[in-house]
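Summary of the model geometry
Listed below, chain by chain, are the residues.
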Amino acid sequence: MKNTFLFIFSILLSFAVRAQSTADFTNYHMVGGSIGTSLYSGGYVNQNQRIFDGKSHQPSFQLYYQTRLSRRFHLRYQTSLSGLSSRDLRANSETYGQNAFNTTILEVAPIFIFDLGNIERLNNRNTQWYLMGGTGVFLAEVNHHLLNTKANKAGGTLNFGIGMRHRIKDNWFLTAEAMGRVTSSNTLDLNRAQQSPTDLYATFQIGVAYRIRGKRFIR
């Protein structure tokens, strides 16, 4: 699993360098932050009920710096802090319905962004849509309530998502993003018994960003 994350990261990095070398564009930098909710998927949830289970939603925060590589490609360095939690929704379990665990996960990730542009039928040039993808690393602190144990975990993530930014005034933007993470660990909940080989989580956030304009140039 770790070799897979390193392989994907190296491909994305080389692709970004190639895109930067032949670009004709106006450069800019962007700083932003967002807040929202995180949703866990792992050993303690019934997959058909997790979205409607209040214990599976926890706060999530994010800060980032973003720069433009080419006309459509951007590179973002982001740091996120998310909570993961769930009730025990396993079938035939004596602990069904109890709060199983709480995890705090800190992630640092370079994210490549591809601009889709504005959707013409919405007829709003101030709204831009984009795809996101990349790999990251995380540190997590797990508190397991059913076993009354604590543990620290570290590993990698494979990230993918979609976002929207809407210009509200000059260089200020309102953003909305949804991003899923496939982690390299299956013990973020200290429970290895699950259908998927790793623990998953997703974040849904809204935020604001400020753009610092640069100069137009050719590389």
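Note: the structure precedes this text.
Report follows, based on the coordinates.

1. Observations concerning the overall build of the protein chain
Scanning the protein chain from terminus to terminus reveals 1 helix and 8 strands. Partitioning the intrachain contacts of the protein chain with sequence separation of at least 6 by distance along the chain shows that 66% fall at a separation of at least 24. Surface accessibility of the protein chain: about 11,900 Å² in total, with carbon and sulfur atoms responsible for 59%.

2. Here we look at the nonpolar core
It is characteristic of soluble globular proteins that their nonpolar side chains tend to be buried jointly. If you look at the biggest cluster of nonpolar residues, it comprises 11 residues: Tyr40, Tyr44, Val45, Leu84, Ala100, Phe101, Ile105, Phe138, Ala140, Leu188 and Tyr201. Those elements that provide at least two residues to this core are β4 (99-117) and β5 (127-144). When residues of this core are assigned to their parent elements, the largest contribution, 3 residues, is made by β4. Counting 6 residues, the second-largest nonpolar core is a separate cluster that includes Ala109, Ile113, Met132 and Met179.

3. Focus: a nonpolar patch on the surface
The grouping of Val31, Tyr65, Tyr77, Ile168, Trp172, Leu174, Val208, Tyr210 and Ile212 at the surface amounts to a nonpolar patch, some 820 Å² of accessible area in total. Broken down by secondary-structure element, the contributors of at least two residues to the nonpolar patch are β7 (172-183) and β8 (200-218). Inspection of the secondary structure assignment puts Ile212 in strand β8. Its relative accessible area of 42% is what places Ile212 among the partly exposed residues.

4. What to know about the packing of aromatic side chains
One pass over the structure, following the stated rule, counts 5 aromatic pairs. For the ring pair Tyr40 and Phe101, a centre distance of 4.8 Å and an interplane angle of 70° mean the geometry is edge-to-face. Remark: Phe101 occurs in strand β4 and Tyr40 occurs in strand β1 (residues 24-41); sequence separation between them is 61 residues. Note on Tyr40: relative accessible area 1%, which makes it buried. Measuring from ring centre to ring centre gives 6.2 Å for Tyr44 and Phe101, while their planes differ by 35°; the resulting arrangement is tilted. Here the residue Tyr44 occupies a position in the loop between β1 and β2 (57-68), and Phe101 occupies one in strand β4, the gap between them amounting to 57 residues. Phe101 carries the same exposure label as Tyr44, and that label is buried.

5. Here's the deal with the pattern of salt bridges
Two side chains that carry opposite charge are able to pair once their charged atoms sit near each other. Taken as a whole and judged by the stated rule, the model has 4 salt bridges. Arg76 is the salt-bridge partner of Glu177, the closest N and O atoms lying 2.8 Å from each other. Of this pair, Glu177 sits in strand β7 while Arg76 is found in strand β3 (residues 73-87), placing the two residues 101 residues apart along the sequence. With a relative accessible area of 1%, Arg76 lands in the buried category.

6. Digging into the environment of Gln128
Take Gln128: it is sitting in strand β5. A C-alpha to C-alpha distance of 8.7 Å links Gln128 and Arg167, two positions 39 residues apart in sequence.

7. Details of the environment of Thr67
With respect to the secondary-structure elements, Thr67 resides in strand β2. Taking relative accessible area as the criterion, Thr67 reaches 13% and is therefore assigned buried. Residues Thr67 and Arg211, 144 residues apart in the sequence, show an inter-C-alpha distance of 9.5 Å. Not counting residues within four places of it along the chain, the set of residues in contact with Thr67 comprises Asn27, Tyr28, His29, His74 and Leu75. Engagement of the side chain of Thr67 in a polar contact is seen with the side chain of His29, the distance being 3.3 Å.

The rules we used
Sequence order sets the numbering: in each chain, residues are counted from 1 along the sequence as written. The predicted origin of the model limits local features to residues at a pLDDT of at least 70 and limits the giving and counting of side-chain atom pairs to 80 or more, whereas totals for whole chains, interfaces and linings rest on all residues. Side-chain numbers here rest on the full set of heavy atoms in the structure, without hydrogens or water. Only DSSP runs of H or I covering at least 4 residues are called helices, and only runs of E covering at least 2 are called strands; the numbering of each starts at the N terminus. In what follows, residue pairs with any heavy atoms lying within 4.5 Å of each other are defined as contacts. Throughout, the Shrake-Rupley method with a 1.4 Å probe supplies accessible areas, and for residues the shown protein chains are the sole cover considered. In plain words, nonpolar cores are sets of buried Ala, Val, Leu, Ile, Met, Phe, Trp, Tyr and Cys residues tied together by side-chain atoms within 4.5 Å. Any residue under 20% of the maximum accessible area for its type is buried, any over 50% is exposed, and the rest in between are partly exposed; the area is computed with a 1.4 Å probe on protein chains only. Grouping into patches uses exposed residues only, defined as over 30% relative accessible area, and leaves out salt-bridged ones; the cut-off is 9 Å for like charges and 5 Å for nonpolar side chains (Val, Leu, Ile, Met, Phe, Trp, Tyr). The term salt bridge refers to a side-chain nitrogen of Lys or Arg lying within 4 Å of a carboxyl oxygen of Asp or Glu. The criterion for an aromatic pair is that two Phe, Tyr or Trp rings (for Trp, the six-membered ring) have centres within 6.5 Å, with stacked assigned to planes under 30 degrees apart, edge-to-face to planes over 60 apart and tilted to the rest. As used in this structure description, the phrase polar contact means that two N or O atoms lie within 3.5 Å; if the pair is within protein, one of them must be able to donate a hydrogen and the other to accept it, and residues adjacent in sequence are counted only when both atoms belong to side chains.

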